[in-house]
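In case you want the letters, here they are:
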Amino acid sequence: MAEGKNRDWKTAVNWESLVADVLTWEKEGEEEGWKLAKEGAGVKSYRRQKSGDKQAMFKGHYMLAGIPQEKVHEMFKNEQRAKWDVGYQGEIVEDCPEENLCLLYVRRVPPSGTPLSTRDFLQASYHRYLDDGGWIIVGCGVDSPERPIKKDPVRANVHLLAIVTRPVEDGKSTQCMNMSQIDMKLGLLSSLQGRKQADSPFEWQKNLTAFFKKSSA
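Scope of this entry: the structure provided in the associated data block. Note that the structure is a prediction, hence the values are computed from the model and not measured.

### Points about the packing of aromatic side chains
Thinking step 1. If you walk through the whole model with that rule in mind, you get four aromatic pairs.
Thinking step 2. Taken together, a centroid distance of 5.9 Å and an interplanar angle of 25° make the contact between Trp 15 and Tyr 126 stacked. Taken together, the residues span a long stretch of sequence, with Trp 15 in helix α1 (residues 15-27) and Tyr 126 in strand β6 (residues 119-129) at a distance of 111 residues. Pair check on accessibility: Trp 15 and Tyr 126 agree, each one buried.
Thinking step 3. Centroid distance Trp 84 to Trp 204: 5.7 Å. Interplanar angle 90°. Geometry classified as edge-to-face. Pair noted here: Trp 84 is in the loop between α3 (78-81) and β4 (88-96) and Trp 204 is in helix α4 (residues 191-216), with a separation of 120 residues, a long-range link. Residues Trp 84 and Trp 204 agree in their burial class; the two are buried.
Thinking step 4. The ring centre of Tyr 46 lies 5.8 Å from the NZ or CZ of Lys 59, which sits over that ring.

### Here we look at the pairing of strand β9 (residues 157-168)
Along any regular strand, the residues point their side chains to alternate faces of the sheet.
Thinking step 1. Relative to β9, strand β7 (residues 135-141) runs antiparallel, the two sharing five bridges. For Gly 139, the partnering residue across the bridge sits in β9 and is Leu 161.
Thinking step 2. Summarising the sheet, β9 and strand β10 (residues 173-183) pair through 11 bridges and their orientation is antiparallel. Looking at the pairing, Leu 161 lines up with Ser 180 of β10.

Cut-offs applied
- Residues numbered from 1 in each chain as written.
- Predicted model: local features only at pLDDT ≥ 70, side-chain atom pairs only at ≥ 80, totals over all residues.
- Heavy atoms only, no water.
- Phe/Tyr/Trp six-rings, centres within 6.5 Å; stacked < 30°, edge-to-face > 60°.
- Helix = DSSP H or I, 4+ residues; strand = E, 2+ residues; numbered from the N terminus.
- Buried < 20%, exposed > 50% of the residue type's maximum accessible area, 1.4 Å probe, protein only.
- Lys NZ or Arg CZ within 6 Å of the ring centre and 35° of its normal.
- Pairing = 2+ DSSP bridges.

These results come straight from atomic positions and should not be treated as a statement about function.
Structure below.
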């Protein structure tokens, strides 16, 4: 979506247009081509691949019971995320809080004993509150001389990453939706790419819940 040669990462994406798209896709169902990929433990993961799309898009819906939305926001801050998101190594290259934007460099380190190798990506991210009290983060891969592409690690193509949260149960819990469309450049292991994205909502619900309980003890 934003992957390309635009070096001005702040204007590489029409952010409000992308927010509108994500909020539309969030509500869509089977009639719009979304197929249930995995279900269990209160989590539903969906997959859609339109004609002409090289990579499928995935979304997952789940509840973070007993975790207020403001606590979820704190856990998604870069310095906190590495504590619950396994394999995540993030660095804020440039922060523009007055514009709700940041340039984020991420390395994804796979667990030992797997056939996968480390991937990295450079992501422009935008966040804001929604009119209904919810909150959204959208991000896309961009090019920038701040973090040039190198031979190692392999640079993944991030077409879309999004997170939408909404307070429920009088603000005591949070309903979440995360969405992704990523080419991890896995070659012969490309079948693992879709499986990983379909599993992501299950992993996030489990890890976020466990981290919240541990940090609140």
